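# A structural walkthrough
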Amino acid sequence: MSLAARLTRSILPRLSTRGISFNLSDQQKEIEETTRKFTQEVVIPAAPHHDETGEYPWEVLRGAWDLGLMNTTIPEEYGGLGLSLLEACIVQEEIGYGCTGIATALGGNSLAESPVILAGSHELKKKYLGRMTEELLVAAYGVTEPSAGSDVGATRTKSRKVGDDYVINGGKMWITNCGHANWFFVFTRSDPDPKCPANKAFTAFVVDADSPGVTVGRKEWNMGQRASDTRGVTFEDVVVPAENVVGEPGGGFKVAMRCFDKTRPTVGAMSLGLARRALDEATKYSMERKTMGKPIFMHQAVSFLLADMAMRYELAKLGVWRSCADYDEGRRNTYYASIGKLYGGLAANKNASDAVQVFGGNGYNKEYPVEKLMRDAKIFQIYEGTDQIQKLIIGREHMSKFL
């Protein structure tokens, strides 16, 4: 038998059994079903009240914490479930279906925890991750500043070594969970030399929220996602022990950048939830509303809107899931994380807008659910890296294959 024939006999049977599978495992199906049930029974009924009042959704977070739907990626060693990124995204999509403001409040913990998980010492993980699994607490990720959003390198919050401690001065803005946080992840400039390269100029810390010198600002009243608590916070001569450094001194920029590969897919997943909710609401309405003697979905103009909405959701989901698959299998996922985040935000915004269009005048009214979806969607094109930043990353990653 020839070599080609032997290879054909040995390889083809194996190839035929391999392939890309989008089937969830039994555990993942259970996670999805549990979260979907919680969303239907708790999140959706609570969402209008928190959108109207801006009250922090403690009662919803309590239910989510009790079910294990918060702090999902904390390793088992520190009391968590140690879920994969895909499983965390399954949770975030389902909660986002009910209310992305509540999903942002819930997901804010994972955002703050991610740098500690990725780069924190064992002692730091035990102290700050462990407490998150012992009682209902929230944490906050403090990177953005009034003059440093997309340009993280423009951070002005400073830290300096004083004896065995560090002293932090500065302020952060647009910080999720800020008013209720037990602790903050804080990104600072530790080398005052403007010529110092970014990979040596910044140091990150965990800062207890009750530290002297920490002052939390007023709750910001935003266009959408009003259940999420967003504020500014200032640090005035805040003393932080050296053991609270996340990663290495001077290595904060690398820590922050590594986190995006994990956190951007979860933001993309939340936008998937909103995009699917918009599609479902529009579909249901199009079957109930009649014009010219028939349900409006039977009019080609409306059916085309629904078709576009369905395509956007499915395509965005492919990007998010691909980024999760790469991350969970230990591959660098920067390219797909940005694609999933960018296209997820696009799908959420366009689907919400098209849902309002399907509803017509009713869609513009607060008595119907889609006007909230439209307000909530916009932030997905801004936070965790604007659309324009994602395009810069995608372009850079694409060209790196050829240069």
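Quick summary incoming for the structure in this document. (Residues numbered from 1 in each chain as written. Predicted model: local features only at pLDDT ≥ 70, side-chain atom pairs only at ≥ 80, totals over all residues. Heavy atoms only, no water.)

Further remarks concern the pairing of strand β7 (residues 230-241). Pairing geometry for strand β3 (residues 165-176) and β7, over nine bridges, is antiparallel. Paired with D165 across the bridge in β7 is P241. Bridge analysis of strand β6 (residues 214-216) against β7 gives three bridges, and the strand direction is antiparallel. Counted as the bridge partner of V216 is V233 from β7. (Pairing = 2+ DSSP bridges. Helix = DSSP H or I, 4+ residues; strand = E, 2+ residues; numbered from the N terminus.)

Now for the side chain of S228. The residue S228 is located in the loop between β6 and β7 in this model. Relative accessible area serves as the criterion here: at 4%, S228 is assigned to the buried category. When neighbours within four sequence positions are excluded, S228 is seen to be in contact with G101, T104, A105, T176 and K219. (Buried < 20%, exposed > 50% of the residue type's maximum accessible area, 1.4 Å probe, protein only. Contact = heavy atoms within 4.5 Å.)

Once that is clear, we can look at the packing of helix α10 (residues 334-359) against helix α11 (residues 370-377). Axis separation between α10 and α11 bottoms out at 8 Å; the angle between their running directions is 155°. With respect to α11, the axis of α10 lies roughly antiparallel. The chirality of how α10 crosses α11 is left-handed. Every residue of α11 that contacts α10 at A348, N349, A352, S353, A355, V356 and F359 is listed here: V370, L373, M374 and A377. Across the contact of α10 with α11, the residue classes tally to nine nonpolar, two polar and no charged. (Axes fitted to C-alpha atoms, helices over the stretch in contact; angles between N-to-C directions. Parallel < 35°, antiparallel > 145°, perpendicular 65-115°, else oblique. Left-handed = near helix turned anticlockwise from the far one by under 90°. Nonpolar A, V, L, I, M, F, W, Y, C, P; charged D, E, K, R; others polar.)

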